[in-house]
Amino acid sequence: MSQPELNLSLQFADPRHRALLPRHKVIRYIRAALELPGEIAVRIVGAEEGRALNKEYRGKDYATNVLTFDYSHEPVVGADLVICAEVVEQEAKGMGIDILAHYAHMLVHGTLHAQGYDHEEDDEAACMEARETELMVGLGFADPYQRG
């Protein structure tokens, strides 16, 4: 089965991890989770921009790891993924995992959200986490929900 077509815009408002995230890797991680063709923008931001966006769009006054703005699910997945570099770095350090693995997880997680996956309800969360685990293992990473 061929991978879905992807039109990617990759932006680094916060350049601290630019070397970790070459375009070909970002494409690989998103395409793994993409079920239909996609037009996706990924923006890596600092804590200030991440906090402002989270406050404006979700009413939460803190920077979060990934925000997904999904505009269309089909026939083309259209979305913006905003990933906060500082939060990803802090979380990876706190969990004792490689920062690239955490970025890959956030890209997979955000791409699934862009397609309508959610984790508000327990059954939705179980389904989404199982899909994330399957994709991350397929990409060569550990299960992001297996701790210890």
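Scroll up a little and you will see the structure.
Remember, it's a predicted structure, so these values are computed and weren't measured experimentally.

## Topic: the overall build of the protein chain
Item 1. When helices and strands are tallied, the protein chain shows five helices and four strands.
Item 2. Along the protein chain, helices (α) and strands (β) appear in the sequence β-α-β-α-β-β-α-α-α when read from the amino end.
Item 3. A globule of 148 residues ought to have a C-alpha radius of gyration of about 15 Å, and the protein chain, at 14 Å, matches this closely.
Item 4. With the C-alpha coordinates aligned to their principal axes, the bounding extent of the protein chain is approximately 40 × 35 × 35 Å.

## Describing the packing of aromatic side chains
Item 1. According to the stated counting rule, one finds two aromatic pairs in the structure shown.
Item 2. Centre to centre, the rings of Tyr-29 and Phe-141 are 5.8 Å apart; their planes meet at 70 degrees, and the pair counts as edge-to-face. Remark: Phe-141 occurs in the segment after helix 5 (122-138) and Tyr-29 occurs in helix 1 (residues 23-33); sequence separation between them is 112 residues.
Item 3. Since its relative accessible area comes to 3%, Tyr-29 is described here as buried.
Item 4. With a relative accessible area of 18%, Phe-141 lands in the buried category.

## Considerations on the pairing of strand 4 (residues 77-84)
Item 1. Counting buried residues along strand 4, seven of its eight residues qualify, which places the element largely inside the surrounding structure.
Item 2. The sheet contact formed by strand 2 (residues 38-45) and strand 4 spans eight bridges and is parallel. Residue pairing in the sheet places Ile-40 in a bridge with Ala-79 of strand 4.
Item 3. As judged from the six bridges shared by strand 3 (residues 66-72) and strand 4, these two strands associate in the antiparallel manner. Across the sheet, the residue bridging to Val-66 is Ile-83, located in strand 4.

## Overview of the sheet that holds strand 4
Item 1. An order of 1-2-4-3 is seen for the four strands of this open sheet, with the pairing classed as mixed. The two strands at the open ends of the sheet, each matched to only one other strand, are strand 1 (6-12) and strand 3. Taking the axes of each pair of neighbouring strands and ignoring which way they run, one obtains an average angle of 10 degrees across the sheet.
Item 2. Against the sheet, helix 2 (residues 47-58) makes contact with strand 2, strand 3 and strand 4, and its axis sits at roughly 50 degrees relative to strand 3, the strand it touches most.
Item 3. Sheet strands touched by helix 4 (residues 99-114): strand 2, strand 3 and strand 4. Its angle to strand 3, the strand with the most contacts, is close to 30 degrees.

Reading the values: rules and limits
- Residues numbered from 1 in each chain as written.
- Predicted model: local features only at pLDDT ≥ 70, side-chain atom pairs only at ≥ 80, totals over all residues.
- Heavy atoms only, no water.
- Helix = DSSP H or I, 4+ residues; strand = E, 2+ residues; numbered from the N terminus.
- Rg over C-alpha atoms; globule rule 2.2 N^0.38 Å.
- Phe/Tyr/Trp six-rings, centres within 6.5 Å; stacked < 30°, edge-to-face > 60°.
- Buried < 20%, exposed > 50% of the residue type's maximum accessible area, 1.4 Å probe, protein only.
- Pairing = 2+ DSSP bridges.
- Axes fitted to C-alpha atoms, helices over the stretch in contact; angles between N-to-C directions.
- Contact = heavy atoms within 4.5 Å.

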